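Structure assessment
The primary structure of each chain is shown beneath.
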Amino acid sequence: MGIRIIGTGRCIPEKILNNADLERMVDTSDEWIVTRTGIKERHIAESDQTSSDMAAVAAQNALENAGITADMIDLIIVSTVTPDHPFPSTSALVQRKIGAPKCPCFDIEAACSGFLYALNTAYGMMASPLGYKRVLVIGAEKMTSLVDWSDRSTCVLFGDGSAAVVLENDGDPDTPDFYVAGEVAADGSVSDILIVPGGGSACPPTVDSVNEKKHFIKMGGPKTFQLAVTSMVSACRNVLEKSGVDPQDVVWAIPHQANRRIIDAVANKLGIPEKVYLNVDRFGNTSSASIGICLDELNREGKIKKGDLILTASFGAGLTWAALLIRW
Ligand code: UT7
């Protein structure tokens, strides 16, 4: 069909919060955080810097990388669990900020799996009779807006950032699609293990809900860890099997950057530890921005070439999970 990734971009807030800073905030240590998660530092958005601000910068960088302008975009999808507002969508704000034409825009919420859900959705909409030609897919997260800075079990994990890719259908049947094989999945029976209880229709904001800290991330860490490993391994195996690709032919494996130990466990079970790209040490868990940030780093550092196979996988609240084998 000819649907390719023609550009990538990212936006990383300047301010860095390292483990020594966290040692001064909660009862933790650099040694605990590094050993249990692999995280050394994370970037933190300014108080007035929103998800759509970061998304717009990532989008501009991706457009520039693709060598096209915002007026050429005909669909914008933003994945986020930290929208600027309940409505309008963050994608509509991005459309305005980058000066894109009045194209359709919508947000996807599949937590940390959102970027892969969004890539699947974009591909489906481009390949369908809707026939969108150029699509911006963005993951944008201000995770620190959901972090309880007094909860040591979660506050050490997350960071802020955004990443974007531009997809283009060149209409040439001889151009192979970027989409080789994919899987998206969810299990709502475990939706309580990773949740922000307040702020939605189940628990609208009240003085009590704020005092009871219901607007912050609550997580069953060990259970999430275990499900993360099993779900990502199974999704990757299914995608490799569907595509008939041998794991050794994968050039890069990009798992969601949540925890170094989760990544190692997945890579070892798949037998491809040497192919893994890692940046969780520098950014922490940026939710649905994480895979796009990895892609942009690899792209801009010239570490991927045309035709390379990249295996991506993610998991997140819901529980959602996904894997996508990409041809560059
Ligand atoms: O994108 C999806 C987002 N979620 C995730 O990816 C989370 C997946 N889970 C994990 O990454 C891990 O479960 C954590 C990193 C969150 C926790 O690591 P763990 O090895 O599963 O530790 P644990 O929760 O079993 O806690 C072990 C101990 C506990 O102390 P006790 O009860 O053994 O005395 C915790 O209170 O570590 C303690 N602890 C800490 N100690 C120092 C928890 N957080 C901290 C901390 N510093 N920051």
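Since we're looking at a predicted model, the values are computed, not measured.

Taken together, 22 residues surround the ligand, and among them Thr-28, Arg-36, Arg-152, Asn-259 and Asn-285 come closest. Here a nitrogen atom of the ligand and a side-chain polar atom of Trp-32 are 3.3 Å apart. Residue Arg-152 places a main-chain N or O atom 2.8 Å away from a nitrogen atom belonging to the ligand. When the free accessible area of the ligand is taken as 950 Å², the share hidden by the protein chains comes to 72%. If you list the elements that add at least two residues to the shell around the ligand, you get α2 (30-37), α6 (152-155), α8 (221-243) and α9 (260-270). The element best represented in the shell around the ligand is α8, accounting for 4 residues. Looking at the shell around the ligand residue by residue, the classes come out as 10 nonpolar, 8 polar and 4 charged. Residue assignment places the shell around the ligand across two domains, with domain 1 (3-169) and domain 2 (179-327) each supplying three or more.

It is worth spelling out α9 at this point. Turning to α9, its buried residues are Ile-262, Ile-263, Val-266, Ala-267 and Leu-270. Looking straight down α9, one finds that the buried residues subtend no more than 125° of arc, so they occupy a single side. Along α9, the residues that are exposed and aim more than 90 degrees away from the buried face are Asn-268 and Lys-269. On its buried face, α9 sits against α8, β11 (252-255) and β12 (309-316). Phi turns positive one or two residues past the end of α9, at Gly-271, with a value near 75°.

Our next topic: the sheet that holds strand β8 (residues 179-186). Pairing is mixed in the open sheet, where 4 strands are placed in the order β8-β13-β12-β11. Of all strands in the sheet, those with a lone pairing partner are β8 and β11, marking the two edges. Averaged over all adjacent pairs, the angle separating strand axes in this sheet is 10°, with direction ignored. Relative to strand β13 (residues 320-327), β12 runs antiparallel, the two sharing 8 bridges. Looking across to β13, one finds that Gly-316 is bridged to Thr-320. Running over the sheet, helix α5 (residues 114-127) touches β8, β12 and β13 and is turned about 60° from β13. Where helix α11 (residues 290-300) meets the sheet, it contacts β11 and β12, and its direction lies at approximately 150° from that of β11.

Procedures and definitions
- Residues numbered from 1 in each chain as written.
- Predicted model: local features only at pLDDT ≥ 70, side-chain atom pairs only at ≥ 80, totals over all residues.
- Heavy atoms only, no water.
- Near = heavy atom within 4 Å.
- Polar contact = N/O pair within 3.5 Å; in protein donor to acceptor, adjacent residues only side chain to side chain.
- Areas by Shrake-Rupley, 256 points an atom, 1.4 Å probe, with all protein chains shown as cover.
- Helix = DSSP H or I, 4+ residues; strand = E, 2+ residues; numbered from the N terminus.
- Nonpolar A, V, L, I, M, F, W, Y, C, P; charged D, E, K, R; others polar.
- Domains from an automatic or database assignment.
- Buried < 20%, exposed > 50% of the residue type's maximum accessible area, 1.4 Å probe, protein only.
- Arc of directions from axis to C-beta.
- Contact = heavy atoms within 4.5 Å.
- Pairing = 2+ DSSP bridges.
- Axes fitted to C-alpha atoms, helices over the stretch in contact; angles between N-to-C directions.

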